Amino acid sequence: MAGKRVSTSPTVVPAGAGGAPRPGTTATVAEAARRGGIFVAQSRVVPEEMPVAFTYGGSTHAVMMATPADLEDFATGFSLTEGIITGPEQIDDIDIVAEEKGIDLQIRLKDEQNDALRLRRRHMAGPVGCGLCGIESIDEAVRPTPDVSGSLLRLSEQDVVDAVALLNGQQPLHFETRAVHGAAFYVPGRGLIAVREDVGRHNALDKLTGAAARAGFRGAQGAVVVTSRVSVEMVQKTAIAGSPVIIAISAPTALAIRTAEGAGMTLIALVRGDEFEIFTHAERIARHDEVPASLSARAPLF
């Protein structure tokens, strides 16, 4: 069923910016809550979740269940992390079409990228709709991860602590619902450059990647900070964004650790106050008696 069309260009940086109408991100529902041994009627705010389709050249490439917010960032970040584009300049336009049961992100690519995507589709076995889009084999599922070992980024112990503390204070949707993940870029001396939230941890990171790319940033001088566990896909997406550090509140998987090690990425997890665990490439974290390399004020951030 055709819905309301919203035409937009990929230039949004702040979360929630832009005047185009969007579906609501939350709903208020009635519930019965057991309090003090009795049930009481009350209401609770919960996050919205709906199908979001990624359509290129009139063909749907994937459908993700997601929070209907920061959709331009989502379209750009998903296109980047899935290897459909290598930069936001390869997107001509993004139309957000609100359907009865979901949202269709109609993404128009530059001619050369359309040709590359058509060639890719000819090798796809069938329809897709998960985080591993358009793959045909186990080898493709464990795809090569970009090498980020060349980054000169160094963080202090306090940077790690501060990055998580700052993210904890900048998640309005989580504070309202207690049911979404957050992802952020942290730059020493600058704090958090951007924060994005979603019911899906992969979606939150895709939205963050899109926000940074659309703002002209590069990931080599910043760390990705997430509120979720660290799976291999989170490491891969962080490397594609160009960041050499991922910091997480929860634990990593074994494959995520092996992948981060091979990619030259520092994986820090289980951050609790001023305590945390470093699983790979600890040399990138300066101890308290060391002085981390300073960042040039004129250097590009991401």
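Everything here concerns the structure above.
Below is a short write-up of the structure. (Residues numbered from 1 in each chain as written. Predicted model: local features only at pLDDT ≥ 70, side-chain atom pairs only at ≥ 80, totals over all residues. Heavy atoms only, no water.)

### Observations regarding the pairing of strand β5 (residues 59-66)
One ladder, built from seven bridges, connects strand β4 (residues 50-56) with β5; its direction is antiparallel. Across the sheet, residue Phe54 finds its bridge partner in β5, namely Ala62. The hairpin turn running from β4 into β5, its antiparallel successor, is two residues long, and Gly57 in that turn takes a positive phi close to 60°. (Pairing = 2+ DSSP bridges. Helix = DSSP H or I, 4+ residues; strand = E, 2+ residues; numbered from the N terminus.)

### Side note on the layout of surface pockets
Taken as a whole, the second largest pocket holds about 260 Å³ of empty space. Considering the residues around the second largest pocket, the lining is formed by 18 residues, among which Leu80, Thr86, Ala213, Ile240 and Ala241 are closest to the centre. Mapped by element, the contributors of at least two residues to the lining of the second largest pocket are α6 (201-214) and α7 (232-241). It is α6 that provides the largest number of residues to the lining of the second largest pocket, a total of three residues. Taken together, the residues of the lining of the second largest pocket sort by class into 10 nonpolar, six polar and two charged. (1 Å grid on protein atoms, 1.4 Å probe; cavity = no way out; pocket = protein on both sides within 12 Å on 5 of 7 lines; lining within 4 Å. Points joined across faces, edges and corners; volume = space filled by probe spheres on them. Nonpolar A, V, L, I, M, F, W, Y, C, P; charged D, E, K, R; others polar.)

### Some words on the pattern of salt bridges
Opposite charge on two side chains permits pairing when their charged atoms draw close. As enumerated under the stated definition, the model contains nine salt bridges in all. Note that Arg196 is salt-bridged to Asp73, the shortest N-O span being 2.8 Å. Remark: Asp73 occurs in helix α1 (residues 71-81) and Arg196 occurs in strand β10 (residues 191-198); sequence separation between them is 123 residues. We note that Arg196, like Asp73, is buried. (Salt bridge = Lys/Arg side-chain N within 4 Å of Asp/Glu carboxyl O. Buried < 20%, exposed > 50% of the residue type's maximum accessible area, 1.4 Å probe, protein only.)

### Details of the sheet that holds strand β14 (residues 275-280)
Taken in spatial order, the six strands make up an open sheet running β10-β9-β11-β12-β13-β14, and their pairing is mixed. Whereas interior strands pair on both sides, the edge strands pair on one side only; in this sheet they are β10 and β14. Strand-to-strand twist in this sheet, taken as the mean axis angle between neighbours without regard to direction, amounts to 20°. Across the sheet, helix α4 (residues 157-168) is in contact with β9 (181-187), β10, β11 (223-226), β12 (245-248), β13 (266-272) and β14; its angle to β9 comes to roughly 140°. (Axes fitted to C-alpha atoms, helices over the stretch in contact; angles between N-to-C directions. Contact = heavy atoms within 4.5 Å.)

### Here we look at the side chain of Asp93
Looking at the element boundaries, Asp93 is found in strand β6 (residues 91-98). Owing to a relative accessible area of 14%, Asp93 belongs among the buried residues under this scheme. Separated by 2.6 Å, the side chains of Asp93 and Arg108 make a polar contact. (Polar contact = N/O pair within 3.5 Å; in protein donor to acceptor, adjacent residues only side chain to side chain.)

### Let's talk about the environment of Glu157
Turning to its location among the elements, Glu157 is positioned in helix α4. Along the chain, Glu157 and Ala286 lie 129 residues apart, while their C-alpha atoms are 6.5 Å from each other. When sequence neighbours within four positions are dropped, the list of residues in contact with Glu157 reads Phe276, Ile285, Ala286, Arg287 and His288.

### As for the nonpolar core
If you look at the biggest cluster of nonpolar residues, it comprises 23 residues, and the most contacted ones within it are Phe54, Tyr56, Leu105 and Leu109. Among the elements of the structure, β4, β5, α1, β6 and β7 (103-109) are those that each provide at least two residues to this core. Ranked by residue count, the leading element in this core is α1, at five residues. (Core = buried A, V, L, I, M, F, W, Y, C linked by side-chain atoms within 4.5 Å.)

### Considerations on the packing of aromatic side chains
Evaluation of the coordinates by the stated rule reveals two aromatic pairs. A centroid spacing of 4.0 Å and a plane angle of 15° characterise the contact between Phe54 and Phe78, whose relative ring orientation is stacked. Of this pair, Phe54 sits in strand β4 while Phe78 sits in helix α1, and the two are 24 residues apart along the sequence. With respect to burial, Phe54 and Phe78 carry one shared label: buried. Pairwise contacts between aromatic rings join Phe54, Phe74 and Phe78 into one cluster. The ring of Phe74 carries the charged tip of Lys207 above its face, separated from the ring centre by 5.6 Å. (Phe/Tyr/Trp six-rings, centres within 6.5 Å; stacked < 30°, edge-to-face > 60°. Lys NZ or Arg CZ within 6 Å of the ring centre and 35° of its normal.)

### Things to note about α1
The buried fraction of α1 is high, at 11 of 11 residues. Those residues of α1 that sit buried are Leu71, Glu72, Asp73, Phe74, Ala75, Thr76, Gly77, Phe78, Ser79, Leu80 and Thr81. Positive backbone phi, at 75°, marks Gly83, one or two positions downstream of α1.

### Overview of the environment of His281
With respect to the secondary-structure elements, His281 resides in the loop between β14 and β15 (285-286). Since its relative accessible area comes to 19%, His281 is described here as buried. Taking the C-alpha atoms as reference, His281 lies 9.9 Å from Ala263; in sequence the two are 18 residues apart. Filtering out sequence-adjacent residues up to four positions away, His281 remains in contact with Ala260, Glu261, Gly264, Met265 and Thr266.

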